[in-house]
Structures are given as C-alpha cells and as structure tokens.
Amino acid sequence: MADSSTSESHYFSSNPPPPTLSQHTAQANAFVTHHHAHSRRVVLLTSGGTTVPLENQTVRFIDNFSAGTRGATSAEYFLSQGYAVIFLHRQFSLLPFSRHYSHSTNCFLDFLSEWGRIGEGEEGEDGGAATPDVVVKAKYRREMLSVLRKYRKAKEQKLLLLLPFTTVTSYLFTLRAIACEMRCLGNEALFYLAAAVSDFFVPPDRMAEHKIQSGDVPESTSGPSPGGGGGGKKLVIDLDPVPKFLKRLVEQWAPEAMIVSFKLETDPALLLKKCNQSLDRYAHHLVIGNILATRKYEVLFVEEGSAQWVRLPTSDGNSGGNEEVEIESLIVPEVIKRHEKMLARKAAIH
Ligand code: PMT
C-alpha cells in the first residue's frame, strides 16, 4: 500500500495546479512577511466546501452542504483578538463581515430604505423637495456601524487576506503553498481547518473532457432501479480517495505551527471515537468535533487525554441554543488559550 508521502507526490504530480496558485502564493508571502515583521500571529483559516468536478470543462460537480458560516464567523473573532487572518475559502461562500447581510434570510436590501419614502412630501434639508436617496433603516444602524468599523479596520490595517478556491484540488495546492509560506512564523502560526474537504475525487485520467451526455450513458447490467427512473440507464461515477493531507501538514508543511482540525459526523455515537482516531492518526494539537444538526450550539474539544464540550447556554441556564450568541465566540477564545499555552511552553524550553 502506498504511504502518505507517495500518495501525496502522486496527487500533486498527476493533478494540474490551479491557475491562481502563483498569484495566491505571492499574496500570502507578502501578507506573512508583513505581519511577521510586526510580530503578529497569523491564522490560516479554511472555510466552506470543496467541489469535485465530473468533467474537465465543468458543467457538473459533486459538492457538500457547507456554507462557510463556521469559518467566516470564526475569522471575525480571531481578528478581534489581534490575529491576522488568511481566509482560504470556497468562492462565493460566506465572508467575514459581509456575512451579516448576505444570507437569503438577511438580504442587505431589507436593511435599507428610500429616503424620499420615509416621509413622502417632507421637505429636503435645503427646503426643496427631498432628493431620492438610500439610507440604512434606523433600527439597524447601530449594528451596521459596528460591523462596518470592524470591516474597515481589518481592511485598512491589512489584517485579512481573502483567497478563494473551488475544487478540492485547488484547495489542496493552495493549502500546501500557504503552509510553506507560513513556516517562517514558527509556532506563532495557527491552522484552523474548518473547510469541509471532499474525501473522494475523479482523477484526471478518468475525467470526461466535455459535458457528460445523458444519451451516452450505458444500460445498467443490473436492470432498472426500483425507483423507476432512467429506463434502465445508469451513470456510474468511479471516485478515488483523496489522500489525507493532515499528516503532511503536521509533519512537513507546518511542523512548528499549532494545528486545529474539525471533524463532522451525523451520528453522535461516533463523534468522540472519530475525533480520537484523527488525533492518534495525525498527532496534531486539537480536534473540534461537531454534529451536523447541532453544530451551531455545541462542539466537542478533543485533545490528548481530554474531551470537553463547549456549549451555548440558553437564557434558562441550560445548554442548547441561544440565537443571539454565536458559538464561535466561545470556540475561538478556547483555541487561542491553547495557542498561548503552547507558545509559553515553547518559550520556556528555549
Ligand atoms: O460551513 P458550516 O455550515 O458552518 O459548517 C461547518 C463545518 C461543519 C463544515 C465545520 O465545522 C467542520 O466540521 N469542518 C470539517 C468537516 C470535515 O471535512 O470533516 P472530515 O472528517 O471530512 O475531515 C476531518 C479533517 O481531515 C479536516 O480537518 C480536513 O482538513 C482533513 N482532511 C480531509 C480530507 C482529506 N483528504 N485530507 C484531510 O486531511
């Protein structure tokens, strides 16, 4: 069986790098150099789902549920704690700050009103008829001003670097390149891997060049399916496992950094076991486990020798969901506490 280093080399030599790789690497290099010179800690935060294209000229692809809420929200809390953030995110998923106004349930247009309509027939400041204009509705202004100030601070102080990916391959090439750029930060670097990374992909030698034609799909040898669709035809997709890159990250790409991975399960009975397996297999610092249905209210911190739930309190004092508090406001300080402990330990050794 191929070891992880063979499968990694094979993966990177047999898949094409994304066209944006050199540009993103240069941006990451400039960002890291700047913040290293200012002795600022840098977190590489991954967010959103990765796609698996089925065709080279891609019309169809496999995707997953992740909207990037965990990543975009966590980025804001890291920024508020003085970290510079490289936000490696799925293109068009949620972004820090703008996320407050980009959900379909939180459409930014609902936060605005037309000035001329507030008091139709009212006079404008100059005594003439009010000039049509757009304003933020009064009840949202305070919160929007606060988001706007944080956003502008992050921009003006160059604390946030947004780097997009779409496919699992572009994610992995970019992750490797940035990790290598961050090596100079030593243990001041933090990796917070919240992206939902595909476990399977179509290798280039089996990828269709053009759109798969439904008429070309062969008859199934097993006959029509019980659901009745397809008239006996079946599109069978043959996927290979994506090599597990966490081991390479821990051992070679970022050997001194603190590494936090996330583990998603749907069956609560499996969560602790899977988190412990991940910790044993990759020997990194912390696994944050979450269950799909409850991920916004509770997560499980698993590290060597301990497992601890972090939960949102409810107004009645019990755990289990509080709309106003975001769980990332509890997760991020807990992670930073551990990063600081690690830095203090390393400093004591030297
Ligand atoms: O975006 P939201 O809707 O807010 O959802 C957030 C989230 C549920 C996606 C997030 O909290 C989360 O759990 N992210 C990780 C989900 C995941 O991909 O789990 P996994 O079991 O497939 O991977 C576990 C770890 O292995 C990951 O840190 C990943 O970086 C790593 N991995 C995965 C695949 C691969 N080929 N190599 C890897 O090293």
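Residues numbered from 1 in each chain as written. Predicted model: local features only at pLDDT ≥ 70, side-chain atom pairs only at ≥ 80, totals over all residues. Heavy atoms only, no water.

Per an unreviewed UniProt entry, the protein chain goes by (Perigord truffle) hypothetical protein and derives from Tuber melanosporum.

With 17 residues, helix H2 (residues 21-37) should reach 24 Å at 1.5 Å per residue; the first-to-last C-alpha distance of 24 Å fits that figure. Where H2 is concerned, the buried positions are Leu21, His24, Thr25, Ala28, Phe31, Val32 and His35. Taken end-on, H2 shows its buried residues confined to a sector of 130°, consistent with a single buried face. H2 presents Ser22 and Ala37 as exposed residues on the side facing more than 90 degrees away from its buried surface. In this structure, the buried residues of H2 make contact with strand S1 (42-47), strand S4 (84-90), strand S7 (160-165) and helix H6 (168-181). Looking one or two residues beyond H2, the residue adopting positive phi is Ser39, at roughly 50°. (Helix = DSSP H or I, 4+ residues; strand = E, 2+ residues; numbered from the N terminus. Expected span 1.5 Å × (residues − 1). Buried < 20%, exposed > 50% of the residue type's maximum accessible area, 1.4 Å probe, protein only. Arc of directions from axis to C-beta. Contact = heavy atoms within 4.5 Å.)

So, on to the site of the ligand. Taken together, the neighbourhood of the ligand is formed by 24 residues, with Ser66, Arg70, Leu246, Lys263 and Asn290 sitting nearest. In the environment of the ligand, an oxygen atom lies 2.8 Å from a nitrogen or oxygen atom belonging to the backbone of Arg70. Alone, the ligand offers 790 Å² of accessible surface; in the complex the protein occludes 94% of this. Looking at the shell around the ligand, the elements that each hand over two or more residues are helix H3 (69-80) and strand S11 (258-265). No other element matches S11, which puts four residues into the shell around the ligand. (Near = heavy atom within 4 Å. Polar contact = N/O pair within 3.5 Å; in protein donor to acceptor, adjacent residues only side chain to side chain. Areas by Shrake-Rupley, 256 points an atom, 1.4 Å probe, with all protein chains shown as cover.)

Here we come to the nonpolar core. Residues Phe78, Ile86, Met182, Phe191, Tyr192 and Val335 are the most contacted members of the largest nonpolar core, which totals 77 residues. Top contributing element to this core by residue count: H6, with eight residues. Setting aside residues up to four positions removed in sequence, Val335 forms contacts with Phe78, Leu190, Tyr192, Met258, Val260, Leu286, Ile288 and Phe301. Counting seven residues, the second-largest nonpolar core is a separate cluster that includes Cys275, Leu279, Val287 and Val302. (Core = buried A, V, L, I, M, F, W, Y, C linked by side-chain atoms within 4.5 Å.)

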